[in-house]
Amino acid sequence: MSYQAPLRDMRFVLHELFDVSAHCEQLGNGLDRELIDGVLEEGARYTGEVVAPLNRNSDEQGATLLNGEVTTPDGFREAYQQYCDNGWASMTGPTEFGGQGFPQMVAASFHEMLMAASLSFRVYSGLTEGAVLALYKHGAPELQRDYLAKMVSGVWSGTMCLTEPQAGTDLALLRTRAEPQADGSYRVSGSKIFISGGEQDLSENIVHLVLARLPDAPAGVKGISLLLVPKFIANADGTPGARNSLSCGAIEHKMGIKGASTCVMNFDGATGWLIGQANQGLACMFTMMNDARFQVGLQGLGIAERSCQGALAYARERLQSRALTGAAEPTKAADPIIVHPDVRRMLLTQKTLTEGCRMIAALCARELDLEHGHPEADGRKAASKRAALLIPIVKSFFTDVGQEVSSLGVQVYGGHGYIREWGMEQLMRDSRITQIYEGTNGIQALDLIRRKLLGDGGTELNALIGELAATCETVGARTELAGLAETVRQRLLEWRSLTSEVIAACQRDPQEIGATSVDFLQYCSYVLLGGLWLQAAGVAQAKLAAGEGDADFYRAKLASAEFYVRRILPRASMHREALLGGADCLMALDAEHFAF
């Protein structure tokens, strides 16, 4: 399967839907449309010509471990060297440490390309940017001096070491210890599992950010500290020094992303340094984790895009049966399967969910940028709240979409989709982990309900609903879109009412928090997407009315918006009915009676 970055749609989202140039002007970074488009075009070349061809073999060959050293699949080292040499690694890094300071709103498009080209390849660099952010925000000046520039450049990579065999979601159970030393460093001992890129042969050093407990730490999550523990301790001149007392004990044999090493990391009195304050490690780590969750959402989006491309190409070429209305191509033995309504249903479901997630990604990326770069403190605070609301939706909904869309891709191919030759089944296997790591999608749903919705009584969510309602008023003023806008407007009214019902139910019974969470997140996602598809339709209709641009592209946007509102948005009703079913039917059956 080949991959070609969807540049036209990316430009539509960035320039026409969200005006990224005005966004960059507000941030004061000097980026204009010409530069942004040039960067994305070069990113498309790199991901399409250099990275995408590696994807199939990375699945066949996998990563290997021998004598504690990991070897990545053929071609990864050369592609990673280009990734660093061409400045992709430093794209979002702070400028004072050699980074280019690109906003997430622009970088997210390139990162989506990487995910689509080869998710296994992207895993190795994906956590470095988050590690840079955590060290930049919380690290001591001397640690920043010794490590940040090399990490920003990609010459050194970063990992996130949270999970232990007995402590996955519940970090209160972690046992890794950090013993203070006379020179201000710590000796870190313990084992971590599921560490993406914990050992590899791409970067000359690997900087692990490790959660551990100090000897006098209080119990629970309030007693967790964050430490920087490098594979090689940095010399004063910025070169890798002594080998630290840590090792890769094993790599996991997985269902997907086989080219990415998922490591068991053993720390045997390894030297580390505290990041931030003692016992405040979880707060520091969440700086990194929010970025990681956004990136995992982009993984789902990238997988979905590549599956869309494969399914569409196959549907145009595969000849099977005749159209229900008669032969569409009578000179051929049969018609291409794209003429059949059920295949159209699958392709349009893929298209509208994938392009819709791209819109949500840009919306969230804008808030992540403003959270750090808005010129006013109130603006930064407001953006932080909106980003926090959107992150669980991005991580959970996008990865669910990635799995659904890749499954539909297999279905479009039929029997050919189920065999390895065509590459569609690899996408489905690769995407499955995205619903699990960096906090399972169930945990994301709990986060949306407990921390975001109940945390402020629905204030931020209702503000978002209000903004979407304003879009309905504006777009609905166009006669051609009045019906579409009214359908979305009714959903927004329902969303506001349902939000109040969910809050009240959760306040009455804590079990309702878990019982409603997944369906409520899905409901929110589908209706949010409805609002954005309406906004996209408004832009497309205005362009057609003015006779500007590619008329076929804008007509396709209008048709897609119509399909989404009529055929996909009704899924929200199912989730509403399910969550209103309450917690009692979930909890009525005693655990011992679950036996079959």
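Conventions used here
Residues numbered from 1 in each chain as written. Predicted model: local features only at pLDDT ≥ 70, side-chain atom pairs only at ≥ 80, totals over all residues. Heavy atoms only, no water. UniProt positions renumbered as here; feature names shortened; annotations may be inferred. Helix = DSSP H or I, 4+ residues; strand = E, 2+ residues; numbered from the N terminus. Expected span 1.5 Å × (residues − 1). Buried < 20%, exposed > 50% of the residue type's maximum accessible area, 1.4 Å probe, protein only. Pairing = 2+ DSSP bridges. Core = buried A, V, L, I, M, F, W, Y, C linked by side-chain atoms within 4.5 Å. Contact = heavy atoms within 4.5 Å. 1 Å grid on protein atoms, 1.4 Å probe; cavity = no way out; pocket = protein on both sides within 12 Å on 5 of 7 lines; lining within 4 Å. Points joined across faces, edges and corners; volume = space filled by probe spheres on them. Polar contact = N/O pair within 3.5 Å; in protein donor to acceptor, adjacent residues only side chain to side chain. Axes fitted to C-alpha atoms, helices over the stretch in contact; angles between N-to-C directions. Parallel < 35°, antiparallel > 145°, perpendicular 65-115°, else oblique. Nonpolar A, V, L, I, M, F, W, Y, C, P; charged D, E, K, R; others polar. Left-handed = near helix turned anticlockwise from the far one by under 90°. Phe/Tyr/Trp six-rings, centres within 6.5 Å; stacked < 30°, edge-to-face > 60°. Lys NZ or Arg CZ within 6 Å of the ring centre and 35° of its normal.

An unreviewed UniProt entry annotates the chain as 3-methylmercaptopropionyl-CoA dehydrogenase originating from Pseudomonas denitrificans. Entered under Sequence similarities (unreviewed entry) in the UniProt record, the comment concerning the chain runs "Belongs to the acyl-CoA dehydrogenase family."

Looking now at the UniProt feature "domain: Acyl-CoA dehydrogenase/oxidase C-terminal" (unreviewed entry) in the chain. Per the UniProt record, "domain: Acyl-CoA dehydrogenase/oxidase C-terminal" (unreviewed entry) is found at residues 279-451. Its end C-alpha atoms 21 Å apart, residues 279-451 is made of 76% helix and 0% strand.

What follows concerns helix α6 (residues 104-117). Along an α-helix, a turn takes 3.6 residues, which lines up residues three or four apart on a common side. An ideal rise of 1.5 Å per residue puts 20 Å on 14 residues; α6 measures up with 19 Å between its terminal C-alpha atoms. Counted residue by residue, α6 has 14 buried out of 14 residues, so it is predominantly covered.

Bringing the pairing of strand β5 (residues 186-196) into the picture now. Where strand β4 (residues 177-180) meets β5, 4 bridges bridge the pair, whose relative direction is antiparallel. Counted as the bridge partner of Glu179 is Arg187 from β5. Judged from the 9 bridges that link them, β5 and strand β11 (residues 262-275) form a sheet pairing that is antiparallel. By the bridge assignment for β11, Tyr186 is matched with Gly272.

What follows is about unusual backbone geometry. One non-glycine residue, Ile257, adopts positive backbone phi at about 35°. Even without being glycine, Glu438 reaches a positive phi, approximately 60°. Within the fold, Glu438 resides in the loop between α13 (424-432) and α14 (441-456). When its relative accessible area of 18% is taken as the criterion, Glu438 is described as buried.

In this structure, Tyr46, Trp495 and Phe520 are the most contacted members of the largest nonpolar core, which totals 156 residues. Ranked by the residues each element gives to this core, the list is headed by helix α17 (residues 511-546), at 16 residues. Excluding its chain neighbours within four sequence positions, the residues that come into contact with Trp495 are Leu461, Leu464, Ile465, Leu468, Phe520, Tyr523, Cys524, Val527 and Leu528. Of all hydrophobic cores here, the second largest spans 31 residues; its members include Leu127, Ala134, Leu148 and Ala167.

Applying the stated criterion across every chain yields a total of 2 cavities of 30 Å³ or more. Looking at the largest cavity, the residues that line it are Val123, Gly126, Leu127, Ser196, Ala292, Gln295, Val296, Gln299, Tyr437 and Glu438. Secondary-structure elements contributing two or more residues to the lining of the largest cavity are α7 (119-138) and α9 (281-317). Ranked by residues supplied to the lining of the largest cavity, first place goes to α9 with 4 residues. Looking at the second largest cavity, its volume works out to about 80 Å³. Forming the walls of the second largest cavity are 13 residues, and the residues nearest its centre are Ala108, Ser109, Arg358, Ala361 and Ala362. Contributions of two or more residues to the lining of the second largest cavity are made by α1 (7-17), α6, α9 and α10 (341-373).

Another aspect to go through is the side chain of His15. Counting through the fold element by element, His15 comes out in helix α1. For His15, the side chain forms a polar contact with the side chain of Asp37, separated by 2.8 Å.

Inspection of the secondary structure puts Glu473 in helix α15 (residues 459-476). Between the C-alpha atoms of Glu473 and Arg489, which are 16 residues apart in sequence, the distance is 8.4 Å.

Okay, the packing of α14 against α17 next. In the contact formed by α14 and α17, the axes pass within 8 Å of each other and the chain directions differ by 95°. In terms of axis orientation, α14 runs roughly perpendicular to α17. Residues Gly442, Gln444, Ala445, Leu446, Leu448, Ile449, Arg450, Leu453 and Leu454 of α14 form the contact with α17, whose own contacting residues are Ile513, Gly514, Thr516, Ser517, Val518, Phe520, Leu521 and Cys524. When grouped by side-chain class, the residues that make up the contact of α14 with α17 number 11 nonpolar, 5 polar and 1 charged.

Relative orientation of the contacting elements helix α16 (residues 482-508) and α17 amounts to 160°, with a least axis distance of 10 Å. Taken as axis vectors, α16 and α17 run roughly antiparallel relative to one another. When you trace α16 past α17, the crossing you get is left-handed. Across the interface between the two elements, Leu484, Ala485, Val488, Arg491, Leu492, Glu494, Trp495, Leu498, Thr499, Val502, Ala505 and Cys506 from α16 touch Glu512, Ile513, Thr516, Phe520, Tyr523, Cys524, Val527, Leu528, Gly530, Gly531, Leu534 and Ala537 from α17. Its residues assigned to classes, the contact of α16 with α17 shows 17 nonpolar, 4 polar and 3 charged.

On the UniProt side, "domain: Acyl-CoA oxidase/dehydrogenase middle" (unreviewed entry) is annotated at positions that read residues 160-268 here. With 0% helix and 47% strand, residues 160-268 has end C-alpha atoms that lie 17 Å from one another.

Summed over the entire model, instances satisfying the criterion amount to 15 aromatic pairs. Ring geometry for Trp88 versus Phe110: centroids 4.2 Å apart, planes at 15°, classification stacked. Here Phe110 lies in helix α6 and Trp88 lies in the loop between α5 (76-85) and α6, a separation of 22 residues in the sequence. On the accessibility criterion, Trp88 (6% relative accessible area) is buried. Ring plane angle 15° and centroid distance 4.1 Å describe the contact between Tyr314 and Tyr413, whose orientation is recorded as stacked. Note that Tyr314 is positioned in helix α9 and Tyr413 in helix α11 (residues 377-413), a separation of 99 residues in sequence. On the accessibility criterion, Tyr413 (6% relative accessible area) is buried. Within the aromatic cluster, the residues linked to one another by ring pairs are Phe76, Tyr80, Tyr83, Phe121 and Tyr124. The side chain of Arg8 reaches across the aromatic face of Phe553, ending 3.9 Å from its centre. Over the ring of Phe232 we find Arg243, and its NZ or CZ is 5.6 Å from the ring centre.

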